[in-house]
Amino acid sequence: ILEKPTPAISSFDFDALSHKLYSNLTEPQKVVYDAGARFTYLCSGRRFGKTYLAVTRLINWAIESNGGLFYYVTATYRMAKQIAWVQLKEMVPFEVFASKNESELSVTLTNGSTIYLKGAEDPDKLRGVSLSGVVIDEAAYVREEAWTMVLRPALSDKQGPAWFITTPAGLNWFAEAWDAAEEDDQSACFSYTTVDGGQVTPEEVAAAKRTLDARTYSQEYEASFV
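Visitor: Provide a residue-level description of the packing of aromatic side chains, including the pertinent values.
Guide: Considering all chains together, one arrives at 15 aromatic pairs under this definition. Centre to centre, the rings of W173 and F174 are 6.2 Å apart; their planes meet at 90 degrees, and the pair counts as edge-to-face. A connected cluster of aromatic rings, assembled from ring pairs, spans F39, Y41, W147, F164, W173, F174, W178 and F225. Positioned over the ring face of F97 is K100, at 5.5 Å from the centre of the ring.

Visitor: Account for the sheet that holds strand β4 (residues 106-109), with residues named and values stated.
Guide: In spatial order, the strands read β3-β4-β5-β2-β6-β7-β1-β8; together these eight strands make up an open sheet with mixed pairing. What marks the edges here is a single partner per strand, and that holds for β3 (97-101) and β8 (187-192). Shown here is a sheet whose adjacent strand axes are inclined to one another by a mean of 10 degrees, direction ignored. Helix α6 (residues 173-181) rests against β1 (39-44), β7 (162-166) and β8 of the sheet, and its axis sits at about 125 degrees to β1.

Visitor: Just give me the short version of the nonpolar core, but keep the residues and values in it.
Guide: Core analysis: the biggest nonpolar cluster contains 39 residues, and L42, I59, L88, I115, L117 and W163 have the highest contact counts within it. With nine residues, the single largest contributor to this core is helix α3 (residues 50-64). When neighbours within four sequence positions are excluded, L117 is seen to be in contact with Y72, A80, A84, W85, L88, E104 and L105. The next biggest cluster of nonpolar side chains, apart from the first, holds 28 residues, and it includes A120, V150, W173 and A177.

Visitor: Tell me about the environment of G67, and name the residues and values.
Guide: Examined against the element boundaries, G67 turns out to sit in the loop between α3 and β2 (69-74). Of the residues examined, G67 reaches a relative accessible area of 45% and is grouped as partly exposed. Separated by 42 residues in the primary sequence, G67 and L109 have C-alpha atoms spaced 8.7 Å apart. Residue contacts for G67: discarding those within four places in its chain leaves N111, G112 and S113.

Visitor: Give me the lowdown on unusual backbone geometry, citing residues and values where you can.
Guide: Even without being glycine, L105 reaches a positive phi, approximately 55 degrees. On the basis of relative accessibility, which here comes to 0%, the residue L105 falls in the buried class. Not every positive phi belongs to a glycine, and A223 is a case in point at roughly 55 degrees. Mapped onto the elements, A223 comes out in the segment after α9 (214-222).

Calculation criteria
Residues numbered from 1 in each chain as written. Predicted model: local features only at pLDDT ≥ 70, side-chain atom pairs only at ≥ 80, totals over all residues. Heavy atoms only, no water. Phe/Tyr/Trp six-rings, centres within 6.5 Å; stacked < 30°, edge-to-face > 60°. Lys NZ or Arg CZ within 6 Å of the ring centre and 35° of its normal. Pairing = 2+ DSSP bridges. Helix = DSSP H or I, 4+ residues; strand = E, 2+ residues; numbered from the N terminus. Axes fitted to C-alpha atoms, helices over the stretch in contact; angles between N-to-C directions. Contact = heavy atoms within 4.5 Å. Core = buried A, V, L, I, M, F, W, Y, C linked by side-chain atoms within 4.5 Å. Buried < 20%, exposed > 50% of the residue type's maximum accessible area, 1.4 Å probe, protein only.

Structure below.
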């Protein structure tokens, strides 16, 4: 029988965790994190560190809002588990877990806030909750109705924030949402190339460019809608 951690932790501990996670962000990631918009759109090249940024934002939302409910959503359950589950468990110290559910991909902190990792292959399975905040990772690959019909209404009663983080996938619904967000005073849009992220050398990106077709390179490394 696994024992749960004692549900008692000082605000200082939470503050220290929040500061540590933030300090580990790169400078471009901090620019996005600090924007303060209700709806934040990040379109970046590969290996920018999108998922680390997304999980940092989710954990700190959970720290800031006692008893809140937060979703990390990506295209499929399998992607959510592969992309973010291990990272989430590594980034949250054992001492602040009240409980953890491997099958549901959820963690509850000792302040009562819960983070769920979800796949959007069946948007209707995301219904029925009131969300305090949501991050949609690889948003360009998530079904449009998961956002418009389910997740957006779930944020309404608490007026929760939403982050959209992705590499482009052509001129699909996310490209249209990006264009609309640029004219919305509640939204902030950020675009970074792989080199801007600072985690892949220019030499490696140049080598990739020599082996890829122009469209793939432009989309995957320059974050272009093509």
